[in-house]
Amino acid sequence: MLDRLEGTKVGEMPPLGIVPERMLAQVIRPERYGEPTSAFAVEEIETPQPGPGEALVYVMAAGVNYNNVWSSLGKPVDVVAARMKAGAKEPFHIGGSDASGIVWAVGEGVTNVKVGDEVVVHCGVWDPADPWVKAGKDPIIAPSNRIWGYETNWGSFAQYTRVQAHQCLPKPPDLPWASAAAYMLVGATAYRMLCGWAPHTVEKDDVVLIWGGSGGLGSQAIQIAKAKGGIPIAVVSGEEKGEYCKKLGAVGYIDRRNFDHWGAMPDWRDNDAYGKWLSGVRAFGKAIWDVLGERRSPRIVFEHPGESTIPTSIVVVDNGGMVVVCAGTTGYLASVDLRYLWMRQKRLQGSHFANDEQCAAFNQMIAAGQVDPCLSRVFAFEDVGTAHQLMYENKHPSGNMAILVGARDAEQKTVD
Ligand SMILES: NC(=O)c1ccc[n+]([C@@H]2O[C@H](COP(=O)([O-])OP(=O)(O)OC[C@H]3O[C@@H](n4cnc5c(N)ncnc54)[C@H](OP(=O)(O)O)[C@@H]3O)[C@@H](O)[C@H]2O)c1
């Protein structure tokens, strides 16, 4: 049993290692599914206990990601119904897939962290008993892999979060809690996309086209590509976002608002429609060459908008290059002109978050100052819904957002 401090007030930081019975959490319930501002509400909830191999982390700050926009909407997956169908009892969802905080309790068999460790938490979880995992294969591909704080409950929008101990990595000591909570989900995802799919890993002088360059994923991808010697080019909507990308290391940017051929590729049998679409794609390809000042195509295209942009990405990626995709924010029905795949031997590769080693390698890049977390805005705990609403409407600032949970302000770095 965990030590519990009778009479600890909900919302106060108890002595290290003492776990109060109840905690404050930003909770989504199916009856509130809808836009983020109305889906989240602060509630008092029983504090979870860590099981074998798990840790309970006192959350200092939490990161904001697109996945809990999806949880709020209850679409495309009703996360609560999916979990209850699989046997979970709680009819609610505590989201949050990024955290910085302090290990407050550990379950049986945990050796990699101890009470008092200052950590950042990555969001990849899997069942250690899964035959795929036991066989030593990449666990983030395992059938049991889940994203903590989206597909699992007890995420970081609460005073305490329950995690598998292997999710915990050392918090870079120079970073404030808020910045430390902002980067792991997007950064480790970008790291696997750019460094995890040999032979298409970013090498010196590789041109890398990065959609949504000023966004969460994009801001990290630009810096990773640059640190690995690549030549990042950003795609954005607007000059201000483009200039932001240049400051992060992009050689230049393309404003997608100057083109109108987005969406599904028209039927190739319709000469007029197909020809018009192809000239839009070619103009976009020329814009890449204009940024570079030479006729070179990207060896890697970093994709996540999906339906709107995949048809273009497949055409503009270089012969033998890779389009690597981790999302379909604009939709999942992406059309591909297969001739470009086989005749020009291009690769369309799916990628999803990262494994422990990739998270650790990316955390090291942050600790070494090679990548900045790009924290752009910090919200109070009450404003979790507002932060997600801004993201839903694509009105959020460039970079990444964080929520103060235990931390008193955006600058706080230690516990004092
Ligand atoms: N599978 C995974 O492991 C994983 C991990 C992280 C994120 N994701 C997913 O990846 C997506 C992006 O996440 P994020 O954190 O980077 O979000 P974000 O911060 O909102 O950035 C996304 C960017 O996409 C661009 N965009 C929006 N609409 C677009 C369109 N119609 N065409 C082209 N670009 C468009 C926007 O930039 P401009 O308006 O400037 O072009 C925006 O900055 C989300 O769907 C998220 O759930 C998946």
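Thresholds applied
- Residues numbered from 1 in each chain as written.
- Predicted model: local features only at pLDDT ≥ 70, side-chain atom pairs only at ≥ 80, totals over all residues.
- Heavy atoms only, no water.
- Helix = DSSP H or I, 4+ residues; strand = E, 2+ residues; numbered from the N terminus.
- Buried < 20%, exposed > 50% of the residue type's maximum accessible area, 1.4 Å probe, protein only.
- Contact = heavy atoms within 4.5 Å.
- Areas by Shrake-Rupley, 256 points an atom, 1.4 Å probe, with all protein chains shown as cover.
- Lys, Arg positive; Asp, Glu negative; His and termini not counted.
- Charge placed at Lys NZ, Arg CZ, Asp CG, Glu CD.
- pLDDT = per-residue confidence, 0-100.
- Near = heavy atom within 4 Å.
- Polar contact = N/O pair within 3.5 Å; in protein donor to acceptor, adjacent residues only side chain to side chain.
- Axes fitted to C-alpha atoms, helices over the stretch in contact; angles between N-to-C directions.
- Parallel < 35°, antiparallel > 145°, perpendicular 65-115°, else oblique.
- Nonpolar A, V, L, I, M, F, W, Y, C, P; charged D, E, K, R; others polar.
- Core = buried A, V, L, I, M, F, W, Y, C linked by side-chain atoms within 4.5 Å.
- Salt bridge = Lys/Arg side-chain N within 4 Å of Asp/Glu carboxyl O.
- Pairing = 2+ DSSP bridges.
- Right-handed = clockwise from strand over helix to strand, strands pointing away.
- Phe/Tyr/Trp six-rings, centres within 6.5 Å; stacked < 30°, edge-to-face > 60°.

S.K.: In this structure, what is going on with the overall build of the protein chain? I would like to understand it.
M.R.: The number of helices and strands found in the protein chain is 13 helices and 17 strands. Considered along the principal axes of its C-alpha atoms, the protein chain spans approximately 75 × 45 × 45 Å. Relative to its 416 residues, the protein chain shows a buried fraction of 57%. The contacts in the protein chain between residues at least 6 apart in sequence include a share of 70% that link residues at least 24 apart. Put simply, the protein chain shows about 17,600 Å² of open surface, and 51% of that area lies on carbon and sulfur atoms. With 39 positive and 47 negative side-chain charges, the protein chain shows a spacing of 6 Å between the two charge centroids.

S.K.: How do you make sense of the environment of Asn363 when you look at a structure like this?
M.R.: With respect to the helices and strands, Asn363 occurs in helix α12 (residues 356-367). On a C-alpha basis, the gap between Asn363 and Gly87 in space is 34 Å, while along the polypeptide they are 276 residues apart. Residues within four places of Asn363 in sequence aside, it is in contact with Val120, Leu169, Pro170, Pro172, Tyr183 and Met184.

S.K.: How do you make sense of the confidence of the model for the protein chain when you look at a structure like this?
M.R.: Close inspection of predicted coordinates is inappropriate in any region flagged by low pLDDT. Per-chain confidence: the protein chain averages 95 in pLDDT, with 97% of residues scoring 70 or above. Confidence drops under pLDDT 50 across residues 1-8; counting only partners more than four residues distant or on other chains, this segment forms 20 contacts.

S.K.: Looking at this model, I keep getting lost on the site of the ligand. Mind explaining?
M.R.: Residues in close proximity to the ligand total 25 residues, the closest being Ser237, Arg256, Cys326, Thr329 and Phe353. Here an oxygen atom of the ligand sits 2.8 Å away from a polar atom, N or O, in the main chain of Gly216. At a separation of 2.8 Å, a nitrogen atom of the ligand approaches a polar backbone atom of Cys326. When residues in the shell around the ligand are grouped by element, the largest group, 3 residues, is from helix α6 (residues 184-195).

S.K.: What is the right way to read the packing of α6 against α12 from this model?
M.R.: For any two helices packed against each other, one specifies the inter-axial angle together with the distance between the axes. Packing of α6 against α12 brings their axes to within 9 Å, and their N-to-C directions diverge by 110°. With respect to their mutual orientation, α6 and α12 come out roughly perpendicular. Between α6, through Met184, Gly187, Ala188, Tyr191 and Arg192, and α12, the contact on the second element is made entirely by Gln358, Cys359, Ala361, Phe362, Asn363 and Met365. Grouping the amino acids of the contact of α6 with α12 by side-chain chemistry returns 7 nonpolar, 3 polar and 1 charged.

S.K.: Sorry if this is basic, but what is going on with the nonpolar core here?
M.R.: In a soluble, globular protein the nonpolar side chains are often hidden away together inside. Counting residues in hydrophobic clusters, the biggest one holds 78 residues, and the most contacted among them are Val113, Met184, Leu194, Phe302, Phe353, Phe362 and Ile403. Here this core takes 8 residues from α6, the largest share from any one element. Those residues in contact with Phe362 that sit more than four places away from it in its chain are Tyr183, Met184, Gly187, Ala188, Tyr191, Gln220, Ile224 and Val371. Membership of the second largest hydrophobic core comes to 27 residues, among which are Leu209, Phe284, Ile288 and Ile314.

S.K.: What is the right way to look at the pattern of salt bridges in this model?
M.R.: A side chain with one charge may pair with a side chain of the opposite charge, provided their charged atoms come close. In this structure the tally under the stated criterion is 15 salt bridges. Notably, a salt bridge pairs Asp255 with Arg257, separated by 2.7 Å at the nearest N-O pair. Relative accessible area serves as the criterion here: at 11%, Asp255 is assigned to the buried category. The exposure class of Arg257 is exposed, given its relative accessible area of 58%. For Glu294, the salt bridge is made with Arg296, and the minimal N-O distance between the two is 3.6 Å. Note on Arg296: relative accessible area 28%, which makes it partly exposed. A cluster of three or more residues bridged by salt bridges with shared partners is formed by Arg29, Arg32 and Glu43.

S.K.: What's the story with the side chain of Gln358 in this structure? I'm lost.
M.R.: Among the secondary structure elements, Gln358 is positioned in helix α12. Its relative accessible area of 12% is what places Gln358 among the buried residues. Here Gln358 is in contact with Tyr191, Arg192 and Gly196, once residues within four sequence places are set aside.

S.K.: It is not clear to me how the pairing of strand β13 (residues 300-303) should be interpreted in this structure. Could you clarify?
M.R.: Each regular strand displays side chains that alternate between the two surfaces of the sheet. Of the two faces of β13, the one lined by Ile300 and Phe302 and the one lined by Val301 and Glu303 are each fully buried. As paired elements, strand β10 (residues 207-211) and β13 share 3 bridges and run parallel to each other. Its bridge partner being in β13, Leu209 is matched across the sheet by Val301. Pairing of β13 with strand β14 (residues 322-325) involves 4 bridges; the strand directions are parallel. Residue Glu303 lies in a different strand from β14, and its bridge partner there is Val325. Of the crossover connections in this fold, the one passing from β13 over helix α10 (residues 310-316) to the parallel β14 is right-handed.

S.K.: I'm lost on the packing of aromatic side chains in this one. Help?
M.R.: Between two aromatic rings, the relevant description is the distance of the centres plus the angle of the planes. For the structure shown, the criterion picks out 13 aromatic pairs. Seen from their ring centres, Trp104 and Tyr160 are 6.3 Å apart, and the 70° between their planes marks the pair as edge-to-face. A residue pair is termed long-range when its members are at least 10 positions apart, and Trp104 in strand β4 (residues 99-106) and Tyr160 in strand β8 (residues 160-164) qualify at 56 residues. Each member of the pair, Trp104 as well as Tyr160, carries the same accessibility label: buried. When the ring of Phe259 is compared with that of Phe284, the centres are 5.3 Å apart and the planes differ by 80°; the resulting orientation is edge-to-face. In this pair, Phe259 is assigned in the loop between β12 (252-255) and α9 (271-292) and Phe284 in helix α9, connecting sequence segments 25 residues apart. Note on accessibility: Phe259 and Phe284 belong to one class, buried. Taken together, the ring pairs in this structure connect Trp211, Phe259, Trp262 and Phe284 into an aromatic cluster.

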